[in-house]
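# Summary of the model geometry
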Amino acid sequence: MSSVIKFGTSGWRAIVADEFTLANIRLAIAGIAAYVKTQPEPHRVLVGRDPRFLGESFVAEAARILAGAGITPIVIPDAAPTPAIAYAVRALKTSGAINFTASHNPPEYNGIKFSTHDGAPALPEVTKQIEAAINANTEDKIPHADPPDGGFENEDVKPGFLHRLGELVDLKTIANSHIKVVFDPFWGAGRGYSCHILREAGVEVATVHDYRDVLFGGHAPEPDDHLLGDCKKKMKEFGAKIGIATDGDADRFGIVDEDGTFIQPNYIIALLFDYLVETRGWKNGVAKSVATTNLVNALAEYHKVPLFETPVGFKYIGELIIADKIAIGGEESAGLTIRGHVPEKDGIIAGLLVAEMVAARKKSLGRQLKELFAKVGSFYPVRENFHLTPERKAAFTEELKKDPTELGGRKVTGVVRTDGLKLILDDGSWVCFRLSGTEPVVRAYTEVRSEKDMAALRSAAEKFVQG
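Residues numbered from 1 in each chain as written. Predicted model: local features only at pLDDT ≥ 70, side-chain atom pairs only at ≥ 80, totals over all residues. Heavy atoms only, no water.

## A closer look at the packing of aromatic side chains
How we decide: Stacked, tilted and edge-to-face are the three classes assigned to paired rings of Phe, Tyr and Trp, where Trp is represented by its six-membered ring and a pair needs centres within 6.5 Å; plane angles under 30 degrees give stacked, over 60 edge-to-face, the rest tilted. For the purposes of this entry, the term helix denotes a DSSP run of H or I that reaches at least four residues, the term strand denotes a run of E that reaches at least two, and both are numbered from the N terminus. Note on exposure labels: buried denotes an accessible area under 20% of the residue type's maximum, exposed denotes more than 50%, and partly exposed covers the range between, all computed with a 1.4 Å probe on protein chains only. Our definition puts a charge over a ring when NZ of Lys or CZ of Arg is within 6 Å of the ring centre and also within 35 degrees of the ring normal.
Applying the stated rule across the entire model yields 13 aromatic pairs. Taken together, a centroid distance of 5.4 Å and an interplanar angle of 70 degrees make the contact between F20 and F58 edge-to-face. Residue F20 is found in the loop between β1 (12-15) and α1 (22-36), and its partner F58 is found in helix α2 (residues 55-68); the two are separated by 38 residues along the sequence. Each member of the pair, F20 as well as F58, carries the same accessibility label: buried. Between the aromatic rings of F186 and W187, the centroid separation amounts to 6.2 Å while the plane-to-plane angle is 80 degrees, which identifies the pairing as edge-to-face. Assigned by exposure class, F186 and W187 land together as buried. Grouping aromatic residues by their ring pairs yields a cluster made of W12, F20, F58 and F100. Lying across the ring of Y193, K158 places its NZ or CZ 5.3 Å from the centre. Taking NZ or CZ as reference, K422 lies 4.2 Å from the ring centre of W430, over its face.

Structure (structure tokens):
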């Protein structure tokens, strides 16, 4: 069964009791342990989880396997956000962290994220070593060690992480503005984080979905527009200027404006980039994935800062954070971090910075976006998934190897292969096609400069995919 364990862009995920079994978990942890043993001593690994079903049991099993391999496990007793675990890796100088989470996936899933000693998501060269160790092992060869008297070492990662957030976010500005905030943790690991730090600063905060539910309300814990109805309702009742939400492990964010409008992550990344340059004076650079809005490109040119365009996968942005090459890095899938912070997606700091930006500028996000468009031009990005038959997926895979000269009657002026196939068109619009590695799906990212062109480009992209 070890062949089913594949670490993708954000770890290994599978359906509980299908592929995510105790047998496979043991193999995965043993594989991680084998990698850790190749790294400098002392070998100490944090073990955490989100609030999903059986998370406590998986953490306990992982700790026994690490101990059996001669590695000291440090157990995080409560559900903890992925970015808080990443911060603890760096603060405690551990060999890395194992995090049982399936992030924003539906409740029937669980998964394992492995962070290396720098707090960043494991890079492909690391996960290949882990997979090789998994495939060379069998469950009956995996040693266990029972916890010592008093149990394994524990670590509460919350206080240190909240302290760091307080250093990076201007909480005083938020409090002095007297804005009200609604926080929706989606029953996830973000519970007690954003609301706690804001209340401690004197900000009025109301919450929704602020209790443990391993079924996440019966759907994926994803802070997307169609699932933020309760947040919007509470905002109206509470008189909130901003709604901030996080996903199951709090590495992704969702933002609602004062009028109930969902502001897509592409725009949040651009707005915060502009705001950080304005307020912090950081001009060392900005990073975005190849599928993220070119509004960021335009702002980089406007502010005269370097632009880094990466493949999809936050680990690549994390490398730039570690090297201090960027002020902010983001992906259109709602991942973001900033200079001086963890090299990992952090939905908590994203929401807090948006609250600071609204408080400092005394303007709604909608108004700020209009002003941004007036400054550098308008951009309208959309992402869609197109489902294919296995046969069509195979054919499309071959077609992606070619360089088209036109799309929907428009001339292709540039081809980018950083990740998938990105076609730059003569009017400044673009399309990026990325094949899913796990299902017969093509992700098509389109962006136009005028709203009236959205339908035409979307149609051209679909026709290109379907053949």
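## Side note on the nonpolar core
For clarity, the cut-off: Residues enter a nonpolar core if they are buried and are Ala, Val, Leu, Ile, Met, Phe, Trp, Tyr or Cys, with the set joined through side-chain atoms within 4.5 Å. Between two residues, a contact is recorded if the distance between any of their heavy atoms is within 4.5 Å.
By size, the foremost hydrophobic cluster in this structure holds 92 residues, and its most contacted members are L198, I242, L295, L365 and F433. Here L198 is in contact with L171, I174, V181, V203, V205, I244 and L352, once residues within four sequence places are set aside.

## Describing the side chain of T127
Relative to the helices and strands, T127 is located in helix α4 (residues 124-135). Discounting chain neighbours no more than four positions away, the residues touching T127 are F7 and A122.

## Some words on the packing of α1 against α2
In a packed pair of helices, the relevant descriptors are the angle between the two axes and the axis-to-axis distance. Condition: Comment: axis = line fitted to C-alpha atoms, over the contacting stretch for helices; angle = value between 0 and 180 degrees taken between N-to-C directions. The cut-offs work like this: below 35 degrees is roughly parallel, past 145 is roughly antiparallel, 65 to 115 is roughly perpendicular, and the gaps in between are oblique. The handedness criterion is simple: a crossing whose near helix is rotated anticlockwise from the far helix by less than a right angle is left-handed, and one whose near helix is rotated clockwise is right-handed. Think of it as three bins: nonpolar holds Ala, Val, Leu, Ile, Met, Phe, Trp, Tyr, Cys and Pro, charged holds Asp, Glu, Lys and Arg, and polar takes everything else, Gly as well.
Relative orientation of the contacting elements α1 and α2 amounts to 45 degrees, with a least axis distance of 9 Å. If you check the angle between α1 and α2, you find them oblique. Crossing of α1 over α2 shows right-handed handedness. Here L22, I25, R26, I29, A30 and A33 of α1 come into contact with α2, specifically with F58, E61, A62, I65 and L66. A per-class count over the contact of α1 with α2 returns 9 nonpolar, no polar and 2 charged.

## Some thoughts on the pairing of strand β14 (residues 328-331)
Quick note on the threshold: Should DSSP find at least two bridges between two strands, the strands are regarded as paired.
Going residue by residue along β14, you find I328 and G330 tucked away on one face and G329 and E331 tucked away on the opposite face as well. With 3 bridges connecting them, strand β12 (residues 286-289) and β14 associate as parallel partners. Bridge pairing links V286 to I328 in β14. Strand direction decides the pairing type here: β14 and strand β15 (residues 335-338), joined by 4 bridges, are antiparallel. Within β15, the residue paired with G329 across the bridge is T337.

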